[in-house]
Structures are given as structure tokens and as C-alpha cells.
Amino acid sequence: MTTGHLFGTPEPEPDAPDAGAPLAERMRPRSLDDIVGQQELLGPGRPLREAIERDALGSLILWGPPGTGKTTIARVVATVTRAHFIAFSAVLSGIRDIKAVMAEAQATRRTSGRRTILFVDEIHRFNKAQQDAFLPRVEAGDIVLIGATTENPSFEVNAALLSRSRVFVLQPLATEETATIVRRALDDPDRGLGAAGLEVGDDAVEAIARHANGDARVALNLLELAATLARGRTGAAGGAAAGDGKGTEVAGDADGDVAAGAGRPARIDRELLAQAIQRRALRYDKGGEEHFNLISALHKSLRNSDPDAGVYWLARMLEAGEDPMYIARRLVRFASEDVGNADPTALTVAVAAKDAVHFIGMPEGNTALAQAVTYLATAPKSNAVYLAYNQAASDAHEQSAEPVPLHLRNAPTRLMKALDYGKGYRYAHDDPDAVTGMDCLPPALAGRRYYRPTARGYEKEVARRLDAWRDLRRTKQARAGRTEEP
């Protein structure tokens, strides 16, 4: 087996991690059994595990959030495959590099009969032309492509390449799974922090796991930072004790680590974690799928009249850095699309929230948006306006574009009056009921109903009113028909 980056440059062997590497890299699983989580993909008898263990992989795309095991799975493949294995980064490589690797893969297949497994990290960063360069060799069987991406492959991977690959979806780790990874790092004396003499309670482990938000790399990076701070804090306490003559003298090594003479082990607790965390970095990409997932969750929570879920998804977006005016625009749309005339005030509230955010900015504008969200969630719902427009738009596109009826046209000139513009128009205010029997749709669409108000909220009154006016109109049309008959 050969592993490497471009052109087969060897990597350190998986069982000999660089002692100076970050904890997350040192603790990277070496086998499928070491991987925590993703049991739907890697559990006994699952298709992906079977393909890896039998060294019978076809091209595949690993799609999932950061820190869920995409690169780890590829590294495990590198340890078991008999194929030539090359790791390739979309961030560092261009089209020339791709072509060189493709040529190498073709030559390897011809000379030794071995296929090349090509792992492309962050494949979504390649453009269409770069992704197209893989196709000939994938089709010829010279390479098996393993792509890793945090973005939806439907949007970021070429259709031709996607059709030749199987997509495996990796899920964020559960808090319990992340806690298992943290404890494993604390217990491992060789690759982890088992020899550091740290004192870490279960509450601190769980706090790290919750903060990581399903990302093992974030959890281990936070643990490593907290361990450094804990050793530094213990050292500072010991030094102060020695200086005032009341404590035990503490010796430090060349790296600043403090010997056990301080009288207590380095401890990671909630207070220290708060210093290490500072502010949680929520996973969010304003241009990617998570952006659309969250706004969809907000919209559908409001439609389902759930103010608590609405405020939660709003907070998720704002705290992750979403443009508040984008959210305000979506709320204005919601007010018409999903509330409509069931509560006409909803649109006013949404527009007022947009104006408030524009006027006072953020973070103060967050409560204006929260007020709009809770109002819209608790308002009666109707999509009658939305349906009415869509049906009218469909007729506008599909029906012949009939001219405006003459009685609805203005006649500002003598010629237009001579052509019967405005003839037969009836001024509604001259009628005692302010309703005439005049048709306002083109003849081919006479009687068509687009707006059908619901029985919810204010639209119940609107529906009653329209029914009464419709009866009046029919009555007046019938009378007009009798009087105008010769």
C-alpha cells in the first residue's frame, strides 16, 4: 500500500503520530472500531463498512458537518486498501495538479493493474472545470474518488460526477458520543492527556461536549486549550505560594508545565472552561445549506404557530451572524404569505420590525425581530392571498391576454369616448350598497374566483362580506338583464 499527498509523497504512518501535532490529530482513530458515532454507516454489516473491509470501494462522497469523521474514514481506507492511495486538498490544488494525478493514476493502472484511491478533501471548493477533470479516469476505472464536503453535494458537485458516486451522509455527533471522545483523550497516556495528571469532572466533560455541537475536533481543541490553561493556573498559584513564603516551592519544566509540588493537580472546571470558550462559535454558513435550513425552520415554525421554536431559530441565526435585514425581509414575506388577511396587522408589525432594525441596528434590534416572530407565530393563519395570486398569475400566463373591457377603461379624450371607452361603467358609490352588478374580469374569466378567504381570524368576516356582496351582484345582474331585454 502507498499513501501520500500529491505524487505519492509519504505521510507519517497512522500508528506513529507526531508528538507535536494537535490533540485532535493525535487522537484520530486508526481503525473502524475506534471511530465513535456514525453507526448507521459504520456499524457491523453496514454497506460502507463492508465495502471498506473488503477493499471493494466504489467512488463515494462523504457529506457532513465538520468534525464528524470524513477525513478519518478516508485515513482508515488508506490503512486497509491494496490500491494506491493519494490524499488531495481542494484548497491547495489547481487544475494542473489534478491532471498530473490523473496521469499518474492511469500509468499506475497500466503498469501494475492497481487502481488509485483519490481522497479529495473539501471537494466543493473545486469549480466545474476542475471536477470535470476527474471524470475520464473515474469512468475508465483508474481511480476511485472519495470526496469529502460540508456542503450539499446536490449543489456543489457536478451532476455527472455525482451520478457516478454514492453519497454517504454523516451526522453531527451526539453529546454522549463527543463526551466519549473527550474521556478517551483524557485516559490515553500515549497520544492523549492521560499522563498530564489532569483533574476533570464529569460536568466539565459534558460542558465541553455540549459546546462542541457535534464536532469532535472542536471538543478536542477546547480540551487541549483548557489543559494548557489549567497547568498555567496551577503553576501561577504555586509560584505565588513560593514567593510569599507560605506555599510549597514549585518547579516548572522547560515547557512551563508545573511539577506536582504545587500540592494539587491541574483542574479543568466550569470557570476555566468559560475562559477558554469565550463565545461559542455556532456552525453557520450564510451562503450555504445551513443558511437555508435555518430560515426554513423559522418559517415553518411560525406557520405551525409555535412561538418558542420561532424564537429559538431566530436566535440561532442572529447569534451566528446572519444579516438581520434578511430575516426581516423573510418575516415581511411571511406576514402576507401565511397570515394575510386573517390578521392584516401582521404585515404592519413585520414592516415595523424591519424599520426598527434599520433604525437602531444590532444587537438592540433583536427584540424587534423577536416581537415580530412571536406575533406572527400567534396570529391566525391564512394562505388565501398567496393562493389567489398564484392562481391569477397562472391564468395571466396561460390564458390569452384579453383586452381590458371597455367599461373599465378611462376616456380622457373625445376619440376614446367615441370608441366607447368607459361606456357602461357604474360608479359603486352611487349605489346604496356600494356594489354594482358590473363584471370586472375579462369575459373569458367571468365568474372566476381567485381569493377564497378562510374562516380563520379576520378573514371570517371578509368571507361573510364577500358572500353577501356576491349575492347582491347576482341579484342586480338579474334585474339588469330583465330591464334591458327588448
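Residues numbered from 1 in each chain as written. Predicted model: local features only at pLDDT ≥ 70, side-chain atom pairs only at ≥ 80, totals over all residues. Heavy atoms only, no water.

Quick look at the overall build of the chain
Within the chain, the regular secondary structure consists of 21 helices and seven strands. The buried share among the 486 residues of the chain stands at 40%. Expressed as a percentage of contacts within the chain between residues at least 6 apart in sequence, the contacts between residues at least 24 apart total 72%. (Helix = DSSP H or I, 4+ residues; strand = E, 2+ residues; numbered from the N terminus. Buried < 20%, exposed > 50% of the residue type's maximum accessible area, 1.4 Å probe, protein only. Contact = heavy atoms within 4.5 Å.)

Here we look at the sheet that holds strand β5 (residues 166-169)
In spatial order, the strands read β2-β3-β4-β1-β5; together these five strands make up an open sheet with parallel pairing. Either end of the sheet is taken by a strand with one partner, and the two such strands are β2 (84-89) and β5. Within this sheet the neighbouring strands show an average axis-to-axis angle of 15°, counted without direction. With four bridges joining them, strand β1 (residues 60-63) and strand β4 (residues 143-149) adopt parallel strand pairing. Within β4, the residue paired with L60 across the bridge is I146. Contacting β2, β3 (116-121) and β4, helix α5 (residues 95-112) crosses the sheet at an angle of about 175° to β2. (Pairing = 2+ DSSP bridges. Axes fitted to C-alpha atoms, helices over the stretch in contact; angles between N-to-C directions.)

Quick notes on the environment of P153
Of note, P153 is situated in helix α8 (residues 153-156). Between the C-alpha atom of P153 and that of H124, which follows or precedes it by 29 residues, the distance is 7.6 Å. Excluding anything up to four places from it in sequence, P153 contacts I61, W63, L162 and V167.

With respect to the side chain of K70
Positionally, K70 belongs in helix α4 (residues 70-80). Salt bridges are absent for the buried K70, whose nearest opposite-charge side chain, D121, sits at 6.5 Å. Looking at K70, its side chain comes within polar contact range of the main-chain oxygen of P65, at 2.8 Å. Sequence-distant contacts of K70, defined by excluding residues within four places in its chain, comprise L62, W63, G64, P65, F119, A148, T149, T150 and L170. (Lys, Arg positive; Asp, Glu negative; His and termini not counted. Salt bridge = Lys/Arg side-chain N within 4 Å of Asp/Glu carboxyl O. Polar contact = N/O pair within 3.5 Å; in protein donor to acceptor, adjacent residues only side chain to side chain.)

Focus: the pairing of β4
Within β4, seven of the seven residues are buried, leaving the element largely enclosed by the surrounding structure. Here six bridges tie β3 to β4, and the two strands are oriented parallel to one another. Residue L118 lies in a different strand from β4, and its bridge partner there is L145.

Describing the environment of H407
Structurally, H407 is set in the loop between α19 (384-398) and α20 (414-418). Relative accessible area serves as the criterion here: at 19%, H407 is assigned to the buried category. Separated by 18 residues in sequence, H407 and Y425 place their C-alpha atoms 4.7 Å apart. Beyond its immediate stretch of four places on either side in the chain, H407 contacts G422, K423, G424, Y425, M438 and D439. Side-chain polar atoms of H407 contact the backbone oxygen of D439, separated by 2.6 Å.

Focus: the packing of helix α17 (residues 345-360) against helix α18 (residues 366-378)
Across the interface, α17 lies against α18 with an axial gap of 8 Å and an inter-helix angle of 165°. Here α18 runs roughly antiparallel to α17, going by the angle between their axes. When you trace α17 past α18, the crossing you get is left-handed. Judged by residue contacts, T345, A346, V349, A353, A356 and V357 of α17 engage A368, L369, A372, Y375 and L376 from α18. (Parallel < 35°, antiparallel > 145°, perpendicular 65-115°, else oblique. Left-handed = near helix turned anticlockwise from the far one by under 90°.)

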